[in-house]
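Chain by chain, the residues:
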Amino acid sequence: RTKGKITLRKVGDAFSGASMYREGGEPTTVETITPEEIFAKYGEFDIAKLDCEGCEYEVLFDVLDHVKEGVVLEFHHPTFKFKRKMKKMLDQIKSNGMEVIIIENRGDRSIVKISKNKR
């Protein structure tokens, strides 16, 4: 949630498998920006698509505050602890009147659609 740098772990030849939480693999440091910086520059979005390689836990609520309709995102949950954290976040989002649809579960990742004001 803060501007700076983070280290992602690269798996294979591409970043398609990179994550903040992955162990092993070649480390690569990348610049980060905050959701607030994006929204300050571009304004509110109708829909946001997040694939932020493990940062979704830190930025999801900030993004939801700045989108009109909802978010589609990839949740990384490499351990049971993260899967519980995802469930807790999604339960909180549902309790705030939003619709949550788990589109796909793929081992250590889930694709989730969150719609605001749809309940």
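Just so it is clear, the structure is predicted and the values come from calculations on it, not from any experiment. (Residues numbered from 1 in each chain as written. Predicted model: local features only at pLDDT ≥ 70, side-chain atom pairs only at ≥ 80, totals over all residues. Heavy atoms only, no water.)

Glancing now at the nonpolar core. Grouped together as the largest cluster of nonpolar side chains are 21 residues, with contacts concentrated most on Leu60, Val71, Phe75 and Ile114. Elements that contribute at least two residues to this core include exactly strand 4 (45-50), helix 2 (56-64), strand 5 (67-76), helix 3 (80-95) and strand 7 (109-115). Non-local contacts of valine 71, meaning those with residues more than four positions away in its chain, are made with Ala48, Leu50, Leu60, Val63, Leu64, Val112, Lys113 and Ile114. (Core = buried A, V, L, I, M, F, W, Y, C linked by side-chain atoms within 4.5 Å. Buried < 20%, exposed > 50% of the residue type's maximum accessible area, 1.4 Å probe, protein only. Helix = DSSP H or I, 4+ residues; strand = E, 2+ residues; numbered from the N terminus. Contact = heavy atoms within 4.5 Å.)

Summed over the entire model, instances satisfying the criterion amount to eight salt bridges. Between lysine 68 and aspartate 46 there is a salt bridge whose closest N-O contact spans 3.9 Å. Note that lysine 68 is positioned in strand 5 and aspartate 46 in strand 4, a separation of 22 residues in sequence. We classify lysine 68 as partly exposed; its relative accessible area is 48%. You can call aspartate 46 partly exposed: its relative accessible area is 41%. The partner of glutamate 74 in a salt bridge is arginine 106, and the shortest N-O contact between them spans 3.2 Å. Of this pair, glutamate 74 sits in strand 5 while arginine 106 sits in strand 6 (residues 99-106), placing them 32 residues apart in sequence. Owing to a relative accessible area of 33%, arginine 106 belongs among the partly exposed residues under this scheme. (Salt bridge = Lys/Arg side-chain N within 4 Å of Asp/Glu carboxyl O.)

A few words now on the packing of helix 1 (residues 35-42) against helix 2. It is at 9 Å that the axes of helix 1 and helix 2 come closest, and there the two elements cross at 30°. The angle between helix 1 and helix 2 falls in the class roughly parallel. Contact residues: Pro35, Glu36 and Phe39 in helix 1; Val59, Asp62 and Val63 in helix 2. A class-by-class count of the residues in the contact of helix 1 with helix 2 yields four nonpolar, no polar and two charged. (Axes fitted to C-alpha atoms, helices over the stretch in contact; angles between N-to-C directions. Parallel < 35°, antiparallel > 145°, perpendicular 65-115°, else oblique. Nonpolar A, V, L, I, M, F, W, Y, C, P; charged D, E, K, R; others polar.)

Attention now moves to helix 3. In a regular helix each residue adds 1.5 Å, so 16 residues correspond to 22 Å; helix 3 covers 22 Å between its end C-alpha atoms and thus fits that length. Restricting attention to buried positions, one finds in helix 3 the residues Phe82, Met86, Met89, Leu90 and Ile93. Within helix 3, the buried residues cover an arc of 95° as seen down the axis, which keeps them to one side. In helix 3, those exposed residues whose orientation departs by more than 90 degrees from the buried face are Phe80, Lys81, Lys88 and Ser95. Buried residues along helix 3 sit against helix 2, strand 5, strand 6 and strand 7. At the C-terminal side of helix 3, glycine 97 shows a positive phi close to 90°. (Expected span 1.5 Å × (residues − 1). Arc of directions from axis to C-beta.)

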